[in-house]
Amino acid sequence: QQQVKQSPQSLIVQKGGISIINCAYENTAFDYFPWYQQFPGKGPALLIAIRPDVSEKKEGRFTISFNKSAKQFSLHIMDSQPGDSATYFCAASSGGTSYGKLTFGQGTILTVHP
Amino acid sequence: GAVVSQHPSRVICKSGTSVKIECRSLDFQATTMFWYRQFPKQSLMLMATSNEGSKATYEQGVEKDKFLINHASLTLSTLTVTSAHPEDSSFYICSASAGLGAFFGQGTRLTVV
């Protein structure tokens, strides 16, 4: 199974709150898990990525938590800001052509209210 | 680093004509590039993998004769939508691998009228 399932479909958070987006996968060959942020009419921008050998990775306000046994990973956005309002995609790769071949989740529309 | 530039950002063409979209890696060499298609409020669907100096690899269900891909150099891949029809209207996005990860172009909004 190549799918990556993402939830929730949409998320509304108050400014300063924590945004949490979850993804689950089936293919145990996946070993690279990036998160992308996309604004309307633009291409996705790489936010943060993780490999299965670690359970957590933090970069600024963004943290990925990874649970290998459950085949789940999540993105946490701390101190969410209105400028974070965008669509977020999780993705996974099994190393095809240097991890460029990605399977995407369905996306989460995040709205951060001021 | 790892900048991918895509051109044009928007194009409107008449039904039956062909449209070429360019994808360039500006500060690195990319032996492999990828082309995705995205419908409104939906996820990205991989169309094909573009390999420098060889034929592209198409995903199941993608018509290779309609979506022609050429990867003539280490920094340029092109996607040509041939004999475009309104149902080809979509957002097309390219990406390229740079080390560990893929970086995306700005996307091209194609409208076929």
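Notes on the structure follow. Being a predicted model, the structure only gives us computed values, none of them experimental. For every chain, the first residue of the written sequence is number 1, and numbering continues from 1 along that sequence. Chains and ligands are labelled by the order in which they are written, letters from A for the one and numbers from 1 for the other. A pLDDT threshold of at least 70 governs which residues receive local features in this predicted model, and a stricter bar of 80 or more applies before side-chain atom pairs are shown or counted, although totals over entire chains, interfaces and linings include all residues. Side-chain calculation: all heavy atoms of the structure are included, whereas hydrogens and water are not.

### A look at a nonpolar patch on the surface
All names here are of chain A. Nonpolar side chains (Val, Leu, Ile, Met, Phe, Trp, Tyr) within 5 Å and like charges within 9 Å form the patches, drawn only from residues with over 30% relative accessible area and no salt bridge. For accessible areas, the Shrake-Rupley method is used with a probe of radius 1.4 Å. Any residue's cover is judged against the shown protein chains and nothing else. For this document, the term salt bridge refers to a Lys or Arg side-chain nitrogen within 4 Å of an Asp or Glu carboxyl oxygen. A cluster of nonpolar residues, Ile-18, Ile-20 and Met-78, forms a patch on the protein surface that exposes about 240 Å² of accessible area. The helix and strand labels rest on DSSP assignments: H or I over at least four residues marks a helix, E over at least two residues marks a strand, and numbering proceeds from the N terminus. Examined against the element boundaries, Ile-20 turns out to sit in strand 3 (residues 19–25). For Ile-20, a relative accessible area of 36% translates into the label partly exposed. Any residue under 20% of the maximum accessible area for its type is buried, any over 50% is exposed, and the rest in between are partly exposed; the area is computed with a 1.4 Å probe on protein chains only.

### Brief notes about the sheet that holds strand 8 (residues 76–81) of chain B
The strands making up a sheet associate through hydrogen bonds between their backbones, and the pairing can be parallel or antiparallel. Residue and element names in this part refer to chain B. An order of 1-3-8-7 is seen for the 4 strands of this open sheet, with the pairing classed as antiparallel. Strands at the two margins of the open sheet, each flanked by one partner only, are strand 1 (4–7) and strand 7 (67–73). Going across the sheet, the axis of each strand differs from the next one's by a mean of 15 degrees, ignoring polarity. Each pair of strands is called paired provided DSSP finds at least two bridges between the two strands. Across 6 bridges, the pairing between strand 3 (residues 19–25) and strand 8 is antiparallel. The residue bridging Cys-23 from the neighbouring strand is Ser-77, located in strand 8. Every axis in this analysis is a line fitted to C-alpha atoms, fitted for helices over the stretch in contact. Angles between the N-to-C directions lie between 0 and 180 degrees.

### Here's the deal with the packing of aromatic side chains
Ring pairs (aromatic) are described by centroid distance and by the angle formed between their planes. When the centres of two rings from Phe, Tyr and Trp lie within 6.5 Å, Trp using its six-membered ring, the rings pair. Their planes under 30 degrees apart give stacked, over 60 give edge-to-face, and anything left gives tilted. Inspection of the entire model under this criterion finds 15 aromatic pairs over all chains. Judged by centre distance (4.8 Å) and plane angle (45 degrees), the ring pair of Phe-33 of chain A and Phe-66 of chain A falls under tilted. Residue Phe-33 of chain A is found in strand 4 (residues 33–38), and its partner Phe-66 of chain A is found in strand 7 (residues 62–67); the two are separated by 33 residues along the sequence. The exposure classification of Phe-33 of chain A matches that of Phe-66 of chain A, with both residues buried. Between the aromatic rings of Tyr-36 of chain A and Phe-104 of chain B, the centroid separation amounts to 5.2 Å while the plane-to-plane angle is 85 degrees, which identifies the pairing as edge-to-face. Remark: Phe-104 of chain B occurs in strand 10 (residues 102–104) and Tyr-36 of chain A occurs in strand 4; the pair is interchain, linking two chains. Following the ring pairs from residue to residue traces out a cluster consisting of Tyr-25, Phe-30, Phe-33, Trp-35, Phe-66 and Phe-73 of chain A.

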